[in-house]
Amino acid sequence: MNIQKILVIGAGQMGAGIAQVCAMSGFDVVLNDINQESIDRGMKTIHKNLSRQVEKERLTNEQKQSVLERITPNLALNEVSGVDLVIEAAVENMEVKSNLFAKLDSITSEHTILATNTSSLPITEIAAATKRPEKVIGMHFMNPVPVMKLVEIIRGLATSDEVYEIIEDLTKKLNKVPVEVNDFPGFVSNRILMPMINEAIYTVYEGVATPEAVDEVMKLGMNHPMGPLTLADFIGLDTCLYIMEILHDGFGDDKYRACPLLRKYVKAGWLGRKSGRGFFIYES
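Given the structure is predicted, the values throughout are model-derived calculations rather than measurements.

Caption draft 1: Representation of the layout of surface pockets. When its volume is computed, the second largest pocket comes out at roughly 490 Å³. Taken together, the elements giving at least two residues each to the lining of the second largest pocket come down to α1 (13–24) and α2 (36–55). For the lining of the second largest pocket, the leading source of residues is α1, giving five residues. Per-class residue counts for the lining of the second largest pocket are eight nonpolar, nine polar and five charged.

In structure tokens, the structure reads:
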């Protein structure tokens, strides 16, 4: 199948990034969200990213305008037609995703592939909400999408080989590197990353070191470009807690038990960069 038109659901940080890279690769993109404010914020982010590329002389003004013209904002999912691929980047919640995929199953063409950008939820369970589980697949992009090369491609139990090959080929056309991963909680990236972040939080909780010291050790000693606590603030501490809970529920192993300090910060509303405070304090 030749993919030409892509529907991206969710105009947040991930969805806007996915829409941008798809449009930059020559695809027609519909960017959908539930309210105009989210759409405007997403389009502003794309515009800002492209303008930065123009300043660095990686794009011309004409190329920037061409990319923007390939993105059509949309608030009415029922009115979208003729899409070959849907990439869902909505909130990380199984009930929301299941309801959304059931709706997509009823309103999209029979040939349309339904992909989810979930970072940890089971593809097989999401696919079960549809009558086309063979056409449901995971495409887990990394944040920030325009910069990061990796895309984890996750097969559900019923995902067909043909669909996997189409998505693998598409990922390469987006100038990304596809890596095949099986459908286990957290896949590979978050199964390894989140316990590391959680353990870094435990070292603060137990008084082993300050957040600044933990991050310095990992940057200078392990050559990490960003310390785990700065990264946790960037991801969002609520998201980190949610993924730890998925890992704990999915494997039933206490090594995935979320640190009490992480729970306390989330309850306090200290969610990281997006709230202005997490393990570090951020200017508005």
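Here the narrative resumes.
Caption draft 2: A look at the UniProt feature "site: Important for catalytic activity" (unreviewed entry) in the chain. Within this structure's numbering, the places UniProt gives as "site: Important for catalytic activity" (unreviewed entry) are His140. If you trace the backbone, His140 turns up in strand β6 (residues 136–141). In this structure, His140 is in contact with Thr116, Asn117, Thr118, Ser119, Leu150, Val151, Glu152, Ile154, Phe187, Ser189 and Asn190, ignoring residues within four places of it in sequence. A distance of 2.8 Å separates polar atoms of two side chains, one belonging to His140 and the other to Glu152.

Caption draft 3: Fine view of unusual backbone geometry. For the peptide bond that leads from Asn143 to Pro144, omega is 0°, which places it in the cis range. Residue placement: Pro144 occurs in the loop between β6 and β7 (150–155). With a phi close to 60°, Glu57 is a non-glycine residue in the positive phi region. The topology assignment puts Glu57 in the loop between α2 and α3 (61–69). With a phi angle near 60°, Asn223 is a residue other than glycine that sits in the positive phi range.

Caption draft 4: A look at the domain arrangement of the chain. Taken domain by domain, the chain consists of domain 1 (5–182) and domain 2 (190–274). Relative placement of domain 1 and domain 2: their C-alpha centres are 27 Å apart. Each partner contributes to the interface: domain 1 provides nine residues, whereas domain 2 provides five residues. Of all residues in domain 1, Glu92, Ser119 and Ser120 bury the most surface against domain 2, accounting for 52% of the area lost on that side. For the interface between domain 1 and domain 2, the tally reads zero salt bridges. On the surface where domain 1 and domain 2 come into contact, there are two residue pairs in polar contact (both at pLDDT 80 or more). Across the side of domain 1 that touches domain 2, the residue classes break down as two nonpolar, six polar and one charged.

Caption draft 5: Expanded view of the sheet that holds strand β1 (residues 5–9). Taken in spatial order, the eight strands line up as β3-β2-β1-β4-β5-β6-β7-β8 in an open sheet, and their pairing is mixed. Of all the strands in the sheet, just β3 (71–74) and β8 (177–181) have a single pairing partner and so form its edges. Taking the axes of each pair of neighbouring strands and ignoring which way they run, one obtains an average angle of 25° across the sheet. Here strand β2 (residues 28–32) runs beside β3; their pairing, made up of four bridges, is parallel. Residue pairing across strands places Asn32 opposite Asn74, the latter belonging to β3. Contacts between α2 and the sheet are confined to β2 and β3, with β3 contributing the most and set at about 160° to the helix.

Caption draft 6: View of the pairing of β2. For β2, a buried count of four out of five residues is recorded, marking the element as mostly surrounded by other parts of the structure. Bridging between β1 and β2 involves five bridges; their strand directions are parallel. Residue pairing for β2: Ile9 is matched across the bridge by Asn32. Note on the crossover from β1 through α1 to β2: the handedness is right-handed.

Caption draft 7: The pairing of β1, seen in detail. Counting buried positions along β1 yields four of five residues, so the element is predominantly enclosed. In this sheet, strand β4 (residues 85–88) lies alongside β1 in parallel orientation, the contact comprising four bridges. The residue bridging Leu7 from the neighbouring strand is Val86, located in β4.

Caption draft 8: How the structure looks around the pattern of salt bridges. What the rule picks out here adds up to 11 salt bridges. Where Arg132 meets Asp105, a salt bridge forms, and the shortest distance between an N and an O atom there is 2.7 Å. Of this pair, Arg132 sits in the loop between α5 (123–127) and β6 while Asp105 sits in helix α4 (residues 94–107); the two residues are 27 residues apart in sequence, bridging distant segments of the chain. Comparing Arg132 with Asp105 shows no difference in burial state: the two are buried. Salt-bridge contacts for Lys274 lead to Asp238; the nearest nitrogen and oxygen are separated by 2.9 Å. In this pair, Lys274 is assigned in the segment after α11 (260–268) and Asp238 in helix α10 (residues 237–251), connecting sequence segments 36 residues apart. Exposure remark for Asp238: the relative accessible area of 27% places this residue in the partly exposed category.

Parameters and conventions
Within every chain, residues take consecutive numbers counted from 1 along the sequence as written. With the structure being a predicted model, the display of local features is reserved for residues of pLDDT at least 70 and the display and counting of side-chain atom pairs for 80 or more, all residues being used for whole-chain, interface and lining totals. Think of the side-chain values as coming from all heavy atoms in the structure, minus any hydrogens and water. Think of a 1 Å grid over the protein atoms and nothing else: a 1.4 Å probe that fits but is trapped marks a cavity, an open set flanked by protein within 12 Å on at least five of seven lines marks a pocket, and residues with an atom within 4 Å of a point count as lining. Grid points are joined across faces, edges and corners, and a volume is the space filled by probe spheres set on the points. For helices the rule is a DSSP run of H or I covering at least 4 residues; for strands it is a run of E covering at least 2, with both sets numbered from the N terminus onward. Residues are sorted three ways: Asp, Glu, Lys and Arg are charged, Ala, Val, Leu, Ile, Met, Phe, Trp, Tyr, Cys and Pro are nonpolar, and all the rest, Gly among them, are polar. UniProt positions are given in the numbering used here, feature names are shortened, and annotations may be inferred rather than shown by experiment. The contact criterion used throughout is that any non-hydrogen atoms of two residues lie within 4.5 Å. What qualifies as a polar contact is a pair of N or O atoms within 3.5 Å, subject to a donor-acceptor requirement within protein and to the restriction that residues adjacent in sequence count only when both atoms come from side chains. Boundaries of every domain are those given by an automatic assignment or by a domain database. Note on terms: buried area is the combined drop in 1.4 Å-probe accessible area of two parts once they are placed together, counting the loss on both. In what follows, salt bridge is the name for a side-chain nitrogen of Lys or Arg lying within 4 Å of a carboxyl oxygen of Asp or Glu. Pairs of strands are assigned from DSSP output, requiring at least two bridges between the strands. Interaxial angles span 0 to 180 degrees and are taken between N-to-C directions of axes, which are lines fitted to C-alpha atoms, for helices over the stretch in contact. When a residue's accessible area, from a 1.4 Å probe over protein chains only, is under 20% of the maximum for its type it is buried; when over 50% it is exposed; and in between it is partly exposed. Look down the strands so they point away from you; if going from the first strand over the helix to the second traces a clockwise path, that crossover is right-handed.

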